[in-house]
Amino acid sequence: MKLKKIKSLNFFKEQSLNNLSRIALSSFLLICFFYIVPIFINFAEKNLNNEEFTNNSKKILAYTLNGGESKNQKDAINENDVLFDIFSLNNLESDTVRLSASTIKQLFDDTGYSLKDVRKKKLVKPVALTLLPAEIKMIENTKKRKDFFIQIILPLVIQENNNIKIDRKTLFKIINKSNNTSAEKQWLEKKYKQYGVNSRDLSTLKIRMDVIPTSLAIAQAAKETGWGTSRFAQEGNALFGQWTWSGEGLKPKDAEKGKGHKVMKFNVLQASVRAYQRNLNTHSSYKDFRKARAEFRDSDKPLDSLELSKYLNKYAETGNEYVKVLKEIITQNKLKDFDDAKLLPSSVNLESLI
């Protein structure tokens, strides 16, 4: 009888041990499953899905930076004032038509607009497109796709630089006068707000109100959009991957719902270029960029995009690697050829602005 009881007890012990072993093994496998699967999915998305260009820009358009960039309220930038004319441009251009790549190419041919010509004569036809063609992704020849993208962006960048040059010329006239009219004072007040100069300091405004080298702007647009193929460029005219926490934008696919930044969306390409220039000219992240640009001006030297690109290491998460890529894009595609190009019809006044 005792022997039977001992056998029964041993049986139950063995059963319990087996059950515990199975439970432990099952738990281990379950933990491994939930640990390994996300890693595999992440690997697959990075290495197997190459259809969409990955935008990793750390560009900040919302000056509030999740609640306040500056601890000193006096130095805080009012985003509405800085971006007012950009929002206005967006509102004016709400009804736009997306032309096909073939139509745009025909337009370029009809107007005699070619990059070969621009490199030689330094004159750009004023063909201002509002949207990128969806078919740009389908241009298999890499050089043709790049040239096509440059042709679209080039007039927009030069136009915005021209706007800044005209403002800069007005500013120099005001600085050189002993007494200013009420109209000039109103203009100055508007520009102080537009460039986030709360101190009302003329020297600060002069440093901020300046152009971005054409080659540098094109290089950044190319990098940020994969030469016009990214979702952000196609759906939101976001040529420079500007981030916002408060404006209208497109959510990155890996972002949590209701949290984090968006890539700012524009109705037209021109607004994206203007926002990009305004950002480099006002945001604290690019203070060293503006300082280096001012040193070129003080030395009476032309702006060098390769040198200035060094100060854009805060533009993306990759830092100095990002700068290296920009330099390669500028050099390999001979973008500096466009730095002294002018937009037709050329204005004599623009030639001696700076």
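Criteria and thresholds
- Sequence positions are assigned chain by chain, starting from 1 and proceeding in written order.
- Only residues with pLDDT of 70 or above have their local features reported here, since the model is predicted, and side-chain atom pairs are shown and tallied only from 80 upward, although totals for entire chains, interfaces and linings are computed over all residues.
- The side-chain numbers reported here are obtained from all heavy atoms of the structure, hydrogens and water having been left aside.
- Strands are runs of DSSP state E lasting at least 2 residues, helices are runs of H or I lasting at least 4, and numbering of each runs from the N terminus.
- Burial here depends on accessible area, computed with a 1.4 Å probe over protein chains only, as a share of the maximum for the residue type. Under 20% is buried, over 50% is exposed, and the range in between is partly exposed.
- We call two residues contacting when some pair of their heavy atoms lies within 4.5 Å.
- Per-residue and other accessible areas were derived by the Shrake-Rupley procedure at a 1.4 Å probe size, with only the shown protein chains allowed to occlude residues.
- pLDDT runs from 0 to 100 and stands for how confident the predictor is about each residue.
- Fitted lines through C-alpha atoms serve as axes, helices being fitted only where they are in contact, and the angles separating the N-to-C directions of these axes extend from 0 to 180 degrees.
- In what follows, roughly perpendicular refers to angles from 65 to 115 degrees, roughly parallel to angles under 35, roughly antiparallel to angles over 145, and oblique to any angle outside these ranges.
- The crossing is said to be left-handed when, going from far helix to near helix, the turn is anticlockwise and less than a right angle, and right-handed when the turn is clockwise.
- Only rings of Phe, Tyr and Trp enter the pairing, Trp through its six-membered ring, and a pair is recorded when the two centres are within 6.5 Å. The plane angle decides the type: under 30 degrees is stacked, over 60 is edge-to-face, the rest tilted.
- For this classification, Asp, Glu, Lys and Arg are treated as charged, while Ala, Val, Leu, Ile, Met, Phe, Trp, Tyr, Cys and Pro are nonpolar and the rest, including Gly, are polar.
- The term nonpolar core refers to a set of buried residues drawn from Ala, Val, Leu, Ile, Met, Phe, Trp, Tyr and Cys, joined through side-chain atoms within 4.5 Å.
- Take a side-chain nitrogen of Lys or Arg and a carboxyl oxygen of Asp or Glu: if they are within 4 Å of each other, that pair is a salt bridge.
- Identification of polar contacts relies on pairs of N or O atoms within 3.5 Å, with a donor-acceptor requirement for protein atoms, meaning one able to donate a hydrogen and the other able to accept it, and with residues adjacent in sequence counted only if both atoms are side-chain atoms.

**As for the overall build of the chain**
And step 1. In terms of regular secondary structure, the chain is built from 15 helices and five strands.
And step 2. Going through the 354 residues of the chain one by one, you find that 41% of them count as buried.
And step 3. For the chain, restricting intrachain contacts to residue pairs at least 6 apart in sequence, the fraction spanning at least 24 positions comes to 70%.
And step 4. For the chain, the accessible area works out to roughly 20300 Å², and carbon and sulfur atoms hold 54% of it.

**A few points about the confidence of the model for the chain**
Caution applies to low-pLDDT regions: their predicted coordinates should not be interpreted in detail.
And step 1. Averaged over the chain, the pLDDT score is 79; the fraction of residues at 70 or greater is 69%.
And step 2. Within the model, pLDDT remains below 50 along residues 1–9, and this stretch shows zero contacts once partners closer than five positions in the same chain are excluded.
And step 3. Contacts from residues 347–354, a stretch scored under 50 in pLDDT, to residues over four places away or in other chains number 13 contacts.

**Here we look at the packing of helix α6 (residues 142–175) against helix α11 (residues 269–282)**
A pair of packed helices is characterised by two quantities: the angle between their axes and the separation of those axes.
And step 1. Packing of α6 against α11 leaves a shortest axis separation of 10 Å and a crossing angle of 50 degrees. As judged from the angle between their axes, α6 and α11 are oblique. Viewed along their axes, α6 and α11 form a crossing whose handedness is right-handed. Facing Ile152, Leu156, Val157, Gln159, Glu160, Asn161, Asn163 and Ile164 of α6, the residues of α11 in contact are Leu269, Gln270, Val273, Arg274, Gln277 and Asn281.

**With respect to the packing of aromatic side chains**
And step 1. Per the stated rule, a full pass over the model turns up six aromatic pairs.
And step 2. Here Phe108 and Tyr113 contribute two aromatic rings whose centre-to-centre distance is 5.0 Å and whose plane-to-plane angle is 85 degrees, an arrangement assigned as edge-to-face. Across the pair, exposure class does not vary: Phe108 and Tyr113 are buried alike.
And step 3. Among the aromatic residues, those joined into a ring-pair cluster are Phe108, Tyr113 and Phe148.

**A look at the packing of α6 against helix α7 (residues 182–194)**
And step 1. The interhelical angle for the contact between α6 and α7, taken along N-to-C directions, is 125 degrees, at an axis separation of 11 Å. Considering the angle they form, α6 stands oblique to α7. Note that α6 runs across α7; the crossing there is left-handed. Each of Asp167, Thr170, Leu171 and Ile174 in α6 lies in contact with α7, whose residues at this interface are Glu184, Trp187, Leu188, Lys191 and Gln194.
And step 2. Residue classes in the contact of α6 with α7 are distributed as four nonpolar, two polar and three charged.

**Topic: the nonpolar core**
And step 1. In this structure, Phe149, Leu154 and Leu239 are the most contacted members of the largest nonpolar core, which totals 63 residues.
And step 2. When residues of this core are traced back to their parent elements, those giving at least two are α4 (101–110), α5 (115–121), α6, α7, α9 (214–225), α11, α12 (287–298) and α14 (320–332).
And step 3. For Leu154, the residues in contact, after removing those within four places along its chain, are Tyr113, Leu115, Val118, Val124, Thr214, Ile218 and Phe338.

**So, the pattern of salt bridges**
And step 1. Inspection of the entire model under this criterion finds 17 salt bridges.
And step 2. One salt bridge in this structure joins Arg293 and Asp210, with 3.9 Å as the shortest N-O distance. Here Arg293 is found in helix α12, whereas its partner Asp210 is found in the loop between α8 (202–208) and α9, with 83 residues between them in sequence. Each member of the pair, Arg293 together with Asp210, is buried.
And step 3. Between Arg297 and Asp210 there is a salt bridge whose closest N-O contact spans 2.8 Å. In this pair, Arg297 sits in helix α12 while Asp210 sits in the loop between α8 and α9, placing the two residues 87 residues apart along the sequence.
And step 4. Given a relative accessible area of 2%, Asp210 falls into the buried group.
And step 5. If you follow the salt bridges from partner to partner, you end up with Asp85, Glu160, Arg274 and Arg278 in one network.

**Concerning the side chain of Ser272**
And step 1. Checked against the element boundaries, Ser272 lands in helix α11.
And step 2. Reaching out from Ser272, the side chain makes a polar contact with the backbone nitrogen of Leu239 at a distance of 3.1 Å.
And step 3. Excluding its chain neighbours within four sequence positions, the residues that come into contact with Ser272 are Asn237, Ala238, Leu239, Phe240, Gln242 and Phe266.

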